[in-house]
Structure formats: structure tokens, C-alpha cells
Amino acid sequence: MTPDSCFADTIIENALIYNPFACDWIEDSLAIKDGCILGFGPEYRGDRVLDLKGSRIIPGLIDAHLHIESSLLTPAEYGRLILSHGTTTAIADPHEIANVAGIAGIRAMMNDAGRTPLDIFFMLPSCVPATPMDCAGATLTAGDLMDLIGDPNVLGLGEMMNVPGVLLNDPDVVAKLQLCKIVDGHAPMLSGAALDHYIRSGIQSDHECITLKEAEEKLRKGMYIFMREGAAARNLRDLSPLANCRTAPRCAFATDDRHADMLNTAGSIDDCISIAIESGIPLEIALRMATLTPAERFGLHDRGALSPGRIADFIVLEDSSLFSVKRFFKNGIEITHLPYSPPAPLVTTFNCRLPQKEDLAIKGIGPARVIGIIPGQIMTCEEIHDLIGHDLPNTRSDILKAVVCDRYHASGFGLGLVRGFGLTDGALAVSVSHDSHNIIAIGADDSDLICAIHTVAEQNGAMVVVSGGTKTILPLPWGGIMSDRPYPEVVDALEQLDQHTRLLGAIENPFMYLSFLALTVIPKLRLTERGLFDNTSFNYTDLFVQE
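For clarity, every value in this text was computed on a predicted model and none was experimentally measured. (Residues numbered from 1 in each chain as written. Predicted model: local features only at pLDDT ≥ 70, side-chain atom pairs only at ≥ 80, totals over all residues. Heavy atoms only, no water.)

**Observations regarding the overall build of the chain**
What the chain contains, in helices and strands, is 15 helices and 27 strands. The C-alpha atoms of the chain give 24 Å as radius of gyration, which agrees with the globular expectation for 547 residues (24 Å, within 12%). Taking the principal axes of its C-alpha atoms as reference, the chain extends roughly 85 × 50 × 45 Å. A burial count over the chain gives 63% of its 547 residues as buried. Sequence separation of 24 or more characterises 70% of the internal contacts of the chain that already satisfy a separation of 6 or more. When the accessible surface of the chain is totalled, it reaches about 19,800 Å², and 51% of it is carbon and sulfur. For the chain, the centre of its 42 positive side-chain charges and the centre of its 70 negative side-chain charges are spaced 2 Å apart. (Helix = DSSP H or I, 4+ residues; strand = E, 2+ residues; numbered from the N terminus. Rg over C-alpha atoms; globule rule 2.2 N^0.38 Å. Buried < 20%, exposed > 50% of the residue type's maximum accessible area, 1.4 Å probe, protein only. Contact = heavy atoms within 4.5 Å. Areas by Shrake-Rupley, 256 points an atom, 1.4 Å probe, with all protein chains shown as cover. Lys, Arg positive; Asp, Glu negative; His and termini not counted. Charge placed at Lys NZ, Arg CZ, Asp CG, Glu CD.)

This is the structure we're talking about:
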């Protein structure tokens, strides 16, 4: 080697370095030049030397699948928060903003992502709207998505949620699947020959596994398994026995949907690693799943490991038995402070035919279908209860009224019932409602329910809690689903909302569960602006069971 080839910008000395190729640790020095790893060992020298005194360092963490919109933060502000938790690369599917604002919304996300040191790569939204029956703000065809192919920050096609469309070889679905070599999946509980068909179509991963048996079948059939630990859907503990030294190259972590307050306190992929270790996954295996596996899955061969030629993204861990980030480096430079800067506006106008109090009257007597919340899951169940319409809502039985109001075309609203929120008074409403992002609300009091829905519309997007004469509001002006404020302010506002919902008896993370009640691609019973939707039959159904 020439003398110049051994001269680095920075030398990291006395470090215990994690190697994901071998899943072990080595004591060595690390040379960095021009933001990349130059090499290891004493033959390298440089003007700047950083002595870590034996601290452990690992590659920057990679989130294999998430929706930045669910954080309620813009991409740049999401990056400002998440970098401090050691995530240096995020694979984002912007299908939430795409359902609101189409290609313009995706481009707004990409533009704002350029303002953060966090590397944000995008998967093209495959299902906008989520199903042909959904009412969203945009429709994206394969032709529409072609305009984004070739962008260096686009890696592939995002989660294919339209399972019936895949199995029936729907022409639009087939055209989208042919756009990209890398295709993510979304097929909860799919098994057997139907799963075989789904995989044959070119879909390579799934983050929706709920049971270990399901994940084992999908992995054995060649899929990557992203073990999800979000706010409402928490599957990591149940899936953890799948991870070992043989399967780690096909297993990664995904946060999917986490609000800013959860990211701020619990973290992101760092939290997944902690939970994995608690669940029996060895640290070295968990680190492999959080670094090299997602890098290889998405063809990001410039990261995921601290090896010659790769980007010098790495974390210094705290000197304790717990997994905790002490310092973090991006492109070889330690980041200690990132200032807030406001985003360019993304304004959408709500066009609603809002319900009045008389519209909430439920007429009927007898067995009725009630959406049942399942703790720790975004799946719901169908419950049948003998009910008298004019006695609803019934807080003694925890049966609340639920409303979904079209925000785009003023088509009206759907009315249903839900059990499991625990609300004893008041109402909650929000314009974050996967994936169409219509206004969705639940209430134990009709007057409060109407007030909450109208407040969201007046704000052009918000999270609202109403009880009596008291309102707590987090405005969401960025597309009606994200805040444009610094993340500490959003975290504080979320805490105020949580305090208000706790006073009303609500379960933990009620807004996250609420935001999934209208998602028609997840089993079992859902509510849209058109009424109750049965995911099993993939059709609408009546509130009262027909004898």
C-alpha cells in the first residue's frame, strides 16, 4: 500500500467492534476516510484519533419497514428524533400520504427527507387506495408509479396489501408487481397454496406475521420475515423463537407504526433489539437482524457492516448490560445536535358532509355486529351482541359508537359499534385513519362525538379528545396526518391527549387502535365511510344480523 492509502481522516482506537458477517466481536482500531471505512489495524494513521477505551461499536441500525407518517412528524423531524436512537437508515413506505395527496404527496415526503442526515429510502406505494372499494384522496396506477422509477432513493414496490388482487391476477396488480425487482408483502395469516401463489407473483417479504407457525411457513417458503414491534401491533415476542444463527439472514426488525411519543421514550430499532434480547434472542443475532440483514435484503451493500468501503455509520453503546445508545456517527462524523427547521407546507382541504346528532341514532333490536379490539394487534374480531339501538352507546358493556366520515368527496359517513376501548365518557376523533385517512371517531356520548368530528374537520386535520366542555387538540396541518412542529412539542401534545383519554378510562394507545379501525385489508371486521366491512368475505355487511 502507498502511504496515502493508509492515511485516514479519523482513527477510532480501543474499540470492541461488532462484525455481523461472523456475529462476533473484535478488538481493533478502525480507520475512516471520506465518510467510509478505510480499514482496520495499526498500519492506518490519521490526524484525528478517538480513543473509545474499550467501548462497543456496532453498525448503524436499519428499520426494514415503517410509515414515517405514523410518527405524526415530517420526514426531516422524524430523522432528527430517530438518529439519536441509533437508526441511521429507514426503509419507508409513504402510502399514507399517497392515499391523501397522490404523487404530489410522495414527492413532498421525498423532498423533506432530503433535509435530514438520516438516510431515508422509499418503497413505492402499491395499493392506493388500499382496495378498489376504499375511498381515498388519490388513485395510483402502475403508470403513475413509473414516474418515480429510477429515483436513487426508490428501492422497490411497497407492501402489496391487495391479496385478493394478487390471487385473482388482477391486471393492475400484476402491472405493479412487474415494476420492481424488490417487492414487499402484506399477507396476514395467508397460508398453503394461496401463500404459494402470493410468493410466485414475486413478493419476497412480510411484516404481518402474527403467530410463530405463520412466520415459520413463510420463511421456509423463501420470504424475509420482518418482526414487527409497533404501537398497536406487537408481534416480536411471539416470533422471537424463529431467530437463530441459521435464520438471521432472513429475519429483520420493523417498527411499522409508532407515534412520536413512543419513539421518543422507547425508541425505534434499539427498542426492538432490547425486546429481542429479553425474549431470548442472543445479542449478536439481534444485531445481525438490525444491520446486515435489512441491508442485504434491499441491496444496500454500502452499509449494514463496518467493513472496508462501506459507509461509516456506527453507534457507540453504553457500557452496561442493557442495550443503549451512547453516541452515534453518520458518515464518520459524530452528530451531537440537529436544529429544527420548519418544512414547506403541504395543505389539503377537507371536503366533508359531517354528521349531526340525529344521524347517530341506531335503529334496530337484536343480534348486532360489533368490532372487537384485540390488545397488541391491529386485527379485530367480529362479536355478536344482543342490543337495543336506542340504548347505545353502552359504557357498562364497553360498546361505543364509531363513525367514519369521508374527508375527500363529501359522500357521507358510516356508523358502527366497537368494543374494547374502555371509554366511559367523551369522544375521540382523528384524521389519521389507515389507509384512506378519512375522519374516524369513537364516543361514549353523542354530543361529544359530533363535537370531536367537527373539530377535526375545522382544523383540516387533527387528533381530538372531547369530554363535556373540554377539548384537547393536536393539529395535523401537513396533509391532515402530520404535524409541522418540532418533535418535543408533538410529544408534549400527545402526552396531553393521553392524559385526557386516561381520565376517560381509555386503553393504552387508543388513537393508534382507532387509526386502524377502517383498514379493510386487515381481518376481520372494519368500518369505512360506507359502513361495516367484512375482510373475510371482502364485502360490506349490515350492522344487525339478518335472521
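This is not the end of the story, as more comes after the structure.
**Here's the deal with the state of the cysteines**
Taken as a whole and judged by the stated rule, the model has 0 disulfides. In this structure Cys272 is a free cysteine whose sulfur lies 13 Å from that of Cys251, the closest cysteine sulfur available. For Cys451, which is in no disulfide, the shortest distance to another cysteine sulfur is to Cys405 and amounts to 14 Å. (Disulfide = S-S within 2.5 Å.)

**As for the pattern of salt bridges**
Under the definition given, this model contains 27 salt bridges. The residue Arg419 makes a salt bridge to Glu383 at a minimum N-O spacing of 2.7 Å. Taken as a pair, Arg419 in strand β20 (residues 413–419) and Glu383 in strand β18 (residues 380–388) lie far apart in primary sequence, 36 residues in all. Through salt bridges that share partners, Asp119, Asp302, Arg303, Asp313 and Lys330 make up one connected network. (Salt bridge = Lys/Arg side-chain N within 4 Å of Asp/Glu carboxyl O.)

**Here's the deal with the pairing of strand β17 (residues 365–373)**
β17 sits mainly inside the fold: 8 of its 9 residues count as buried. Relative to β18, β17 runs antiparallel, the two sharing 9 bridges. The residue of β18 that forms the bridge with Pro367 is Asp386. Inspection of the sheet shows β17 paired to β20 by 2 bridges, in the parallel sense. Each residue of the ladder has a partner; that of Ile371, found in β20, is Val418. (Pairing = 2+ DSSP bridges.)

**Some remarks on the environment of Leu66**
Relative to the assigned elements, Leu66 resides in strand β6 (residues 61–66). Through-space distance from the C-alpha of Leu66 to that of Pro94 is 8.7 Å; in sequence the pair is 28 residues apart. Excluding anything up to four places from it in sequence, Leu66 contacts Tyr78, Ala90, Ile91, Ala92, Asp93, Thr255 and Asp256.

**Concerning the sheet that holds strand β26 (residues 531–534)**
If you trace the 3 strands from one edge of the open sheet to the other, you get β25-β26-β27, paired in antiparallel fashion. The sheet terminates laterally at β25 (525–528) and β27 (539–541), the two strands that pair on one side only. The average angle at which neighbouring strand axes cross in this sheet is 45°, direction not considered. Looking at chain direction, β25 and β26 are connected through 4 bridges and run antiparallel. The residue bridging Arg526 from the neighbouring strand is Phe533, located in β26. (Axes fitted to C-alpha atoms, helices over the stretch in contact; angles between N-to-C directions.)

**So, the UniProt feature "domain: Amidohydrolase-related" (unreviewed entry) in the chain**
Listed under "domain: Amidohydrolase-related" (unreviewed entry) in the UniProt record, and renumbered for this structure, are residues 57–332. Structurally, residues 57–332 comprises 35% helix and 19% strand, and the distance from its first C-alpha atom to its last is 13 Å. (UniProt positions renumbered as here; feature names shortened; annotations may be inferred.)

**Section: the sheet that holds strand β23 (residues 462–467)**
Judged by pairing direction, the sheet is mixed, and its 8 strands sit side by side in the order β18-β17-β20-β19-β22-β21-β23-β24 without closing on themselves. If you trace the sheet from one side to the other, it starts and ends with β18 and β24 (470–475), each paired once. Neighbour-to-neighbour, the strand axes of this sheet turn through a mean angle of 25°, independent of strand direction. With 6 bridges connecting them, β23 and β24 associate as antiparallel partners. When the bridges of β24 are listed, Val466 appears paired with Lys471.

**Observations concerning unusual backbone geometry**
Backbone torsion omega between Leu392 and Pro393 reads 0°, so that peptide bond is classified as cis. Here His434 and Asp435 are connected by a cis peptide whose omega angle stands at -5°. Of note, the phi angle at Asp256 is positive, near 60°, even though the residue is not glycine. Checked against the element boundaries, Asp256 lands in the loop between β13 (251–254) and α9 (260–265). Residue classification places Asp256 among the buried positions, given a relative accessible area of 5%.

**Focus on the packing of aromatic side chains**
Counting across every chain of the model gives 5 aromatic pairs. Consider the rings of Phe314 and Phe329, whose centres lie 4.4 Å apart with planes at 10°: the pair is stacked. Here Phe329 lies in strand β15 (residues 325–330) and Phe314 lies in strand β14 (residues 314–317), a separation of 15 residues in the sequence. The pair Phe314 / Phe329 is uniform in exposure class, with both members buried. A ring pair is formed by Phe533 and Tyr540, whose centres lie 5.2 Å apart and whose planes are at 75°; its orientation type is edge-to-face. By relative accessible area, which is 1% here, Phe533 ends up buried. What links up through ring pairs into an aromatic cluster is the set Phe533, Phe538 and Tyr540. Over the ring of Tyr224 we find Arg250; its NZ or CZ atom is 3.9 Å from the centre of that ring. (Phe/Tyr/Trp six-rings, centres within 6.5 Å; stacked < 30°, edge-to-face > 60°. Lys NZ or Arg CZ within 6 Å of the ring centre and 35° of its normal.)

**Some words on the nonpolar core**
Membership of the largest hydrophobic core comes to 144 residues, with the highest contact counts inside it found for Met227, Phe253, Ile273 and Ile442. Top element by residues in this core is helix α2 (residues 95–113). It accounts for 9 residues. Discounting chain neighbours no more than four positions away, the residues touching Ile273 are Leu61, Phe253, Leu283, Ala286, Leu287, Ala290 and Phe323. Within the second largest apolar cluster, 17 residues are counted, among which are Cys405, Ala427, Ala429 and Ile453. (Core = buried A, V, L, I, M, F, W, Y, C linked by side-chain atoms within 4.5 Å.)

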